[in-house]
Amino acid sequence: MQKLQSYIHGKWVEGSGEGVPLIDAVTGETIALSDTKGLDFDQALKYGRQKGETLRKMTFQERGNMLKKLALHLTKKKKQFYEVSFRTGATKVDSWIDIEGGFGNLFANASLRKIFPNQAFDVEGDPIDLSRGGRFMAHHILVPKEGVAVHINAFNFPVWGMLEKCAVNWMAGMPAVVKPATNTSFLTEAVVREIINSGILPEGSLQLISGSARSILDTVESQDVVTFTGSADTGRMLKSHKRLLEESVPFNMEADSLNASILGEDAKPGTPEFDLFIKEVRNEMTVKCGQKCTAIRRVIVPENLVEDVQIALGKSLGKVTIGDPRLKEVRMGALVSKDQVQEVRERIQEMTKTASIVYGDLEKIQTIGADTSKGAFMSPIVMREDNPYENIAVHSTEAFGPVSTIMPYKNMGEAIELSKMGKGSLVSSIATNDDKIAADYTVNAATHHGRILVINRESAKQSTGHGSPLPLLVHGGPGRAGGGEEMGGKRGIKHYMQRCAIQGSPTTLTEITGIYQPKAKYKQAEKHPFAYHWEDIQPGMSLKTHNRTLTDTDIVNFGNLTWDHFYAHTDITSLEGSIFEKRTAHGYFIISAAAGLFVYPNKGPVAANYGLEEIRFLRPLYHNDTIHVRLTCKEKVDRDQKGTELPSGIVKWYVEVFDTEAVDEEDKLVAIATILTMVQKKQDVFHEIDRSFLEEKLSLLKEDQKPEWGMMMPQHMLEHLEGSFKLGRGLGGDVEIITPEEHLDKVKETLYTYEKMPQGYKHPLMKQNELEPLKHESFDEAKKSFLKAYDDFHQFHQENPDEMISNAVFGELTYFEWKLLNRKHINHHFEQFGLI
Ligand code: NDP
């Protein structure tokens, strides 16, 4: 029997023992053997720490783009993982949550790159002034830890469980060693193999131990981070591991939690909330056969509605078909193993010492397309506990399967108390259309739950449901749930970073953080800062403007223009008792006047005004006061090229407005703001095309010159480019656009990027592996015709500036877009012949 391999130290390896069989949950067949005997876990940890340097040095933007690329790659291969996933007992819907939910998590975390600085570490919160004069300050930075993230995972989500955690540690700049639960490790292995083969992650970013790893924590170090998902017993045992305590290794635990859902007193039968509640409970019981850390185990309902809930839930569960998860008509597949079925039964028996089973049968079950004697099937079980205060087994026993218990409450106080008797859960929910009830429950129960969902008719259609942890929200809960927070957007990423307070002068802290700190020395720019491209702008780069006196007429005119007739600007008889002494300039006028002073009017790299982040008016300015402005680059934030825009980044500018004539130092600064501009990036990938450039290159081109790729000879190439100039002025006749309508925008956007055409690119309408016959008598004639076609193309568009000409691949293009296309195209072919 084949052994499942592990990926350690850059190699696929297998253990030296006999191995334990991995069983198909549906058929009982052995899939492979898991064997980790003799594998060197210490070596894996050391290798991760050493190789982690590459990830640590990448910027957040680079890490995010890497995650996005990985998510796209895995999405393309998803079909193969579904096949494997069925063998864990999961239906298609269950597998979708695990597989595509996992990839979705990579996408969501990749997007977080936009909220981090354009560097390898994060700068947290606001600067802290530690002196009166503002020359000594502090800031907090977070740097990636130099260890490895060790993830010990549960059996229920072999893909999502790995990716929800890895996405976060990779974004933080940390490598991972993943240890999935043995019994479903074959699915994790399939995904890891694809990740490694893709070559998208730097080597060492991901290692896998496909099976048991009892000694994995024996050599962890203080820079490592350990996460655990599984049973509370194992979690507690690992949490108190001697090595973790000695080395102060952070340990994040997500354990069994007895999640509760509450039916609001208003949600009576016949209301949408009642139906939504029943549906939610049924889904949470049956999706993944209830083997979900977020599943609803406790159904807390008003005492007069217990019967109604019991009947409605029974009816709803009655429609759930059980059997071979591959079959479309099957709604619930198998549990992970027969051992798990046995374990769930034992837990139910503990609870039924006081509770009674009101739906389902522990012995009998009807399945479709499956042999119940071989597969790990069981019926959903609903219990009822009428005395949940005295009989507390329902609050402490987790039956990790399709099992829930209904219990009554008298008033909201009791419902809250019952929900807390689980001693900490990952998630709770309440179905109510009364927002007062919702507020009462959420605020008073929040101490005991990681997340609370309010279910009602208004959000029902878009609601992601009780059981879905979302990458941008906290996932984890207090107490029994482990006390961890595995996800949560930026919060989650910070678990893998070390926070350090940095103290020094504002000038030093500007250099360290890459963000201009108020009162730091300015770096006087040689040109106007708006005349620089994105790459050449640096934090601290600054401009001091000329002066402007704000006149009475200015203030009156601004009031008339904007209709802002607030008394301080218009009525000087009402100033008594106010903070104003004279006719006061509008705050927005001061900011507008500031813009008038600092804006560089010429067309340049600044593509647009992107917005304003903060604005403060420190004291009033009156008519006849004179101002000047300091414009200083505060921070740069990279962004992806979007739509039909040239590549650009965001620059945040710190704007300080000064009262030029103020005598006291503290009166000088009158307003501050942070404004954002979109600044174009330098285009240094392509040579710009003009006639003299073409003439020079043509003079270097020899008739028999060999191409660096492809089969074209120089004359073919010139005739091909001549053809595209002709097409570009509409000489191609009726062009049929071959790109499907829905992809056309995306394809056109590629013209705006600074990415080269791939070598060996084959135009879909050109003959493949065969050259067009030559059209011109001689090479010289081809050169002349090429230049003429170039001239004609420009002349045509200058005479017809609004003309759009179709291109078979890119659709209708403007003159500007044809020029972008020609620039890429000519650069591509000139490179082919070593001309550039
Ligand atoms: P375990 O707690 O036994 O295992 C969870 C993970 O820990 C697995 O990867 C397991 O590896 C590993 N592990 C166990 N012991 C050690 C150790 N000494 N050193 C290192 N790693 C260790 O949970 P199970 O998966 O067996 O499930 C048992 C019960 O846990 C379920 O019935 C359910 O009640 C609960 N559970 C709760 C989950 C939740 O999210 N709330 C999720 C899954 C389970 P290996 O598989 O190789 O033993």
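Preceding block: the structure.
Everything numeric in this text was worked out from a predicted model, so none of it was measured.

The next point concerns a nonpolar patch on the surface. On the surface, Ile-128, Leu-130 and Phe-136 cluster together to form a nonpolar patch covering roughly 240 Å² of accessible area. By relative accessible area, which is 41% here, Leu-130 ends up partly exposed.

Following both chains from N to C, one finds helix α25 (residues 779–799) and helix α26 (residues 815–832) inclined at 160 degrees, their axes separated by 11 Å at the closest point. Judged by the angle between their axes, α25 and α26 are roughly antiparallel. The element α25 and its partner α26 pack so that their crossing is left-handed. Of the residues in α26, those touching α25 at Phe-793, His-794, His-797 and Gln-798 are Tyr-815, Trp-818, Lys-819 and Asn-822.

With that settled, consider the site of the ligand. Close to the ligand lie 27 residues, the nearest being Asn-153, Thr-182, Ser-231, Thr-234 and Cys-293. At a separation of 3.5 Å, an oxygen atom of the ligand approaches a polar backbone atom of Ala-181. The protein chains hide 87% of the 860 Å² of surface that the ligand would expose on its own. Every element with two or more residues in the shell around the ligand is listed here: β11 (225–230), α8 (232–239), β12 (251–255) and α12 (338–351). The residue makeup of the shell around the ligand, split by class, is 12 nonpolar, 9 polar and 6 charged.

Along an α-helix, residues three or four apart share an orientation, since each turn contains 3.6 residues. The end-to-end C-alpha separation of helix α6 (residues 160–172) is 18 Å, in line with the 18 Å expected for 13 residues at 1.5 Å each. Of all 13 residues in α6, 13 are buried; the element is thus mostly enclosed.

What follows concerns the sheet that holds strand β5 (residues 30–34). Spatially, 3 strands are ordered β1-β5-β4 in an open sheet, and the strand pairing comes out mixed. Each edge of the sheet is formed by a strand with only one pairing partner; in this case those strands are β1 (3–4) and β4 (20–23). Across 4 bridges, β4 lies against β5 in antiparallel orientation. Bridging from a neighbouring strand, Pro-21 pairs with Leu-33 of β5.

Contact geometry for helix α22 (residues 691–700) and α25: axes closest at 11 Å, N-to-C directions at 170 degrees. Taken together, the axes of α22 and α25 lie roughly antiparallel to each other. Counting all contacts with α22, which are made through Arg-691, Leu-694, Glu-695 and Leu-698, the residues of α25 involved are Lys-783, Phe-786, Leu-787, Tyr-790 and Asp-791. Here the contact of α22 with α25 is built from residues that sort into 5 nonpolar, no polar and 4 charged.

Membership of the largest hydrophobic core comes to 56 residues, with the highest contact counts inside it found for Leu-263, Phe-277, Val-309 and Ile-348. Ranked by the residues each element gives to this core, the list is headed by helix α10 (residues 272–286), at 6 residues. For Leu-263, the residues in contact, after removing those within four places along its chain, are Phe-274, Phe-277, Ile-300, Val-301, Pro-302, Leu-305, Val-309, Tyr-409 and Ala-431. Formed by 44 residues, the second largest nonpolar core is a distinct cluster that contains Met-66, Leu-70, Leu-163 and Ala-190.

What counts as what
Residues numbered from 1 in each chain as written. Predicted model: local features only at pLDDT ≥ 70, side-chain atom pairs only at ≥ 80, totals over all residues. Heavy atoms only, no water. Patch = residues over 30% accessible without salt bridge, like charges linked within 9 Å, V, L, I, M, F, W, Y side chains within 5 Å. Areas by Shrake-Rupley, 256 points an atom, 1.4 Å probe, with all protein chains shown as cover. Salt bridge = Lys/Arg side-chain N within 4 Å of Asp/Glu carboxyl O. Buried < 20%, exposed > 50% of the residue type's maximum accessible area, 1.4 Å probe, protein only. Axes fitted to C-alpha atoms, helices over the stretch in contact; angles between N-to-C directions. Helix = DSSP H or I, 4+ residues; strand = E, 2+ residues; numbered from the N terminus. Parallel < 35°, antiparallel > 145°, perpendicular 65-115°, else oblique. Left-handed = near helix turned anticlockwise from the far one by under 90°. Contact = heavy atoms within 4.5 Å. Near = heavy atom within 4 Å. Polar contact = N/O pair within 3.5 Å; in protein donor to acceptor, adjacent residues only side chain to side chain. Nonpolar A, V, L, I, M, F, W, Y, C, P; charged D, E, K, R; others polar. Expected span 1.5 Å × (residues − 1). Pairing = 2+ DSSP bridges. Core = buried A, V, L, I, M, F, W, Y, C linked by side-chain atoms within 4.5 Å.

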